[in-house]
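# Summary of the model geometry
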Amino acid sequence: MKAWFARRYGGPDVLCLEDMAMPAPGPGQVLVRIHATTVNSGDVRIRGCNFPPGMKTLGRLALGWNGPRRPVLGTELSGMIEAVGSGVVGFAPGDAVYAFPGMRQGAHAQYIVLPETGAIAHLPAGLDVHTAAALCFSGTTALHYLGKADVRPGQTMLVLGGSGAVGMALIQLARHQGIAVTATTSAPNLPLVQSLGATPINYRSVDLARLGQRFDVVADTVAASDFATAQTLLNPGGRYLAIAGGIREMLQSLRPGARGTRMIAGPAAESRDAVIALGRLASEGHFRPHIERVFPFAELPAAHAHVDSGRKRGSVVVSVID
Ligand SMILES: NC(=O)c1ccc[n+]([C@@H]2O[C@H](COP(=O)([O-])OP(=O)(O)OC[C@H]3O[C@@H](n4cnc5c(N)ncnc54)[C@H](OP(=O)(O)O)[C@@H]3O)[C@@H](O)[C@H]2O)c1
């Protein structure tokens with residue numbers, strides 16, 4: 001089988017397509033033939049050793065000093081069960097699935113072995129393989145932060161970065177929870193953000209400090225603001241979600257802000273329950289990742305280059321099968 005390897009940190013040119021031994025599922029494991037995966041902001045952060053401020057040393061300690069310790073990147077996928085190990089009861093060869101290896105990675109390959117009790121679920125009827133491949137990275141992040149923010153129906157939320165994968169997931173999943181959402185983006189993406197049910201704001205022409213509006217939650221997906229600056233945007237008791245924050249935000253989040261405001265930061269939990277919930281939400285029409293482009297597997301480095309631009313809209317999918 002073939003897989004894309006990042007054996008050192010750097011630009012998309014460090015990626016090499018290599019042959020590797022076909023993995024075999026052990027007891028309790030399943031072998032998935034991957035049909036589609038994504039290249040997301042997490043993949044390019046790891047490939048480029050481009051971690052949030054203050055996280056570089058920690059990132060290299062956790063993920064590999066001179067290059068990724070797990071050189072096959074890729075956090076999410078859809079595909080088909082090819083084989084199962086002994087004791088597997090929940091899946092059988094031929095089952096269509098989607099999965100979230102998350103920080104275990106390995107989805108930029110033709111096959112992957114996963115534990116059947118991990119973040120893997122049957123593909124809900126009516127969901128195409130590209131959409132299914134793009135559910136989990138953005139969706140689990142949005143669900144994690146909405147849960148931590150303890151959002152309630154009738155509350156208001158400002159999303160900074162409404163046209164990114166995480167921003168678009170936040171808009172849809174918050175709207176489903178009865179939250180009125182306003183979201184920033186640039187002029188070309190205003191209609192896209194509006195189509196999701198958010199009130200769009202062009203961040204290049206509107207000064208948020210002069211908006212004259214306050215929100216129960218400010219979800220900052222692009223480090224466009226900070227907790228101190230966001231005070232003018234927060235209602236008393238409001239929450240600032242530093243989704244793209246680093247070590248400073250994690251430390252600051254230990255202390256409450258003025259007027260009962262608080263900051264929430266840190267890595268989103270990777271949960272099997274969230275992955276299953278996202279499939280249900282997608283099949284019910286409450287969450288549909290926007291797929292901007294689909295790259296063939298052979299052009300995965302071009303997908304990295306596109307995500308590196310910081311301008312992608314929603315998700316970039318890679319089709320692994322012809
Ligand atoms: N804490 C966690 O566990 C966790 C999990 C997942 C992701 N993240 C982080 O969350 C961040 C966002 O991830 P993502 O996948 O959503 O990124 P992404 O899809 O690559 O974001 C690209 C989008 O950001 C928009 N953007 C850039 N600068 C902006 C600004 N100043 N104001 C408003 N929009 C802006 C761009 O829109 P324009 O072209 O219109 O500017 C573009 O559509 C990343 O830093 C990622 O590392 C954290």
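Preceding this paragraph is the structure being described.
So, here is what we can say about the structure in this document. (Residues numbered from 1 in each chain as written. Predicted model: local features only at pLDDT ≥ 70, side-chain atom pairs only at ≥ 80, totals over all residues. Heavy atoms only, no water.)

### Details of helix H4 (residues 136-148)
Counted at 1.5 Å a residue, the expected span for H4 with its 13 residues is 18 Å, and the 18 Å between its end C-alpha atoms agrees. Those residues of H4 lying buried are Cys136, Phe137, Ser138, Gly139, Thr140, Thr141, Ala142, His144, Tyr145 and Leu146. At the C-terminal side of H4, aspartate 150 shows a positive phi close to 55°. (Helix = DSSP H or I, 4+ residues; strand = E, 2+ residues; numbered from the N terminus. Expected span 1.5 Å × (residues − 1). Buried < 20%, exposed > 50% of the residue type's maximum accessible area, 1.4 Å probe, protein only.)

### Here we look at the pairing of strand S5 (residues 96-99)
Both faces of the sheet carry side chains from a regular strand, because those side chains alternate between them. Here strand S4 (residues 77-84) runs beside S5; their pairing, made up of four bridges, is antiparallel. Looking at S5, one finds that serine 78 is bridged to tyrosine 98. Looking at chain direction, S5 and strand S7 (residues 120-122) are connected through three bridges and run antiparallel. Among the inter-strand pairings, tyrosine 98 is bridged to a residue of S7, identified as alanine 121. (Pairing = 2+ DSSP bridges.)

### Here we look at the packing of H4 against helix H8 (residues 272-283)
Interaxial distance between H4 and H8 falls to 10 Å at its minimum, and their mutual angle equals 105°. Taken together, H4 and H8 sit at an angle that is classed as roughly perpendicular. Contacts between H4 and H8 involve Cys136, Gly139, Thr140 and Leu143 on the former and, on the latter, Ala274, Val275, Leu278 and Leu281. (Axes fitted to C-alpha atoms, helices over the stretch in contact; angles between N-to-C directions. Parallel < 35°, antiparallel > 145°, perpendicular 65-115°, else oblique. Contact = heavy atoms within 4.5 Å.)

### A closer look at the sheet that holds strand S8 (residues 156-160)
Judged by pairing direction, the sheet is parallel, and its six strands sit side by side in the order S10-S9-S8-S11-S12-S13 without closing on themselves. Of all strands in the sheet, those with a lone pairing partner are strand S10 (199-202) and strand S13 (262-265), marking the two edges. Going across the sheet, the axis of each strand differs from the next one's by a mean of 20°, ignoring polarity. Bridge analysis of strand S12 (residues 234-242) against S13 gives four bridges, and the strand direction is parallel. Along S13, the bridge assignment pairs leucine 241 with isoleucine 264. The strands touched by H4 are S8, S12 and S13; relative to S13, the strand with the most contacts, the crossing angle is about 155°. The strands that helix H5 (residues 165-176) touches are S8, strand S9 (180-185) and strand S11 (215-220); relative to S8, the one it contacts most, it runs at about 170°.

### Re the packing of aromatic side chains
Centre distance and the angle of the planes are the two values used to describe a pair of aromatic rings. Taken as a whole and assessed by the stated rule, the structure comprises two aromatic pairs. With a centroid separation of 6.5 Å and 75° between ring planes, the pair formed by tryptophan 4 and phenylalanine 297 is classed as edge-to-face. Highlighted residues: tryptophan 4 in strand S1 (residues 2-6) and phenylalanine 297 in the loop between strand S14 (291-296) and helix H9 (300-308), separated in sequence by 293 residues. Side by side, tryptophan 4 and phenylalanine 297 carry an identical accessibility label, which is buried. Where phenylalanine 227 meets tyrosine 240, the ring centres are 6.1 Å apart and the plane angle is 25°; that geometry is what we call stacked. Placement of phenylalanine 227 in the loop between S11 and S12 and of tyrosine 240 in strand S12 is noted, with a sequence separation of 13 residues between them. Phenylalanine 227 gets classed as buried once you look at its relative accessible area, which sits at 10%. (Phe/Tyr/Trp six-rings, centres within 6.5 Å; stacked < 30°, edge-to-face > 60°.)

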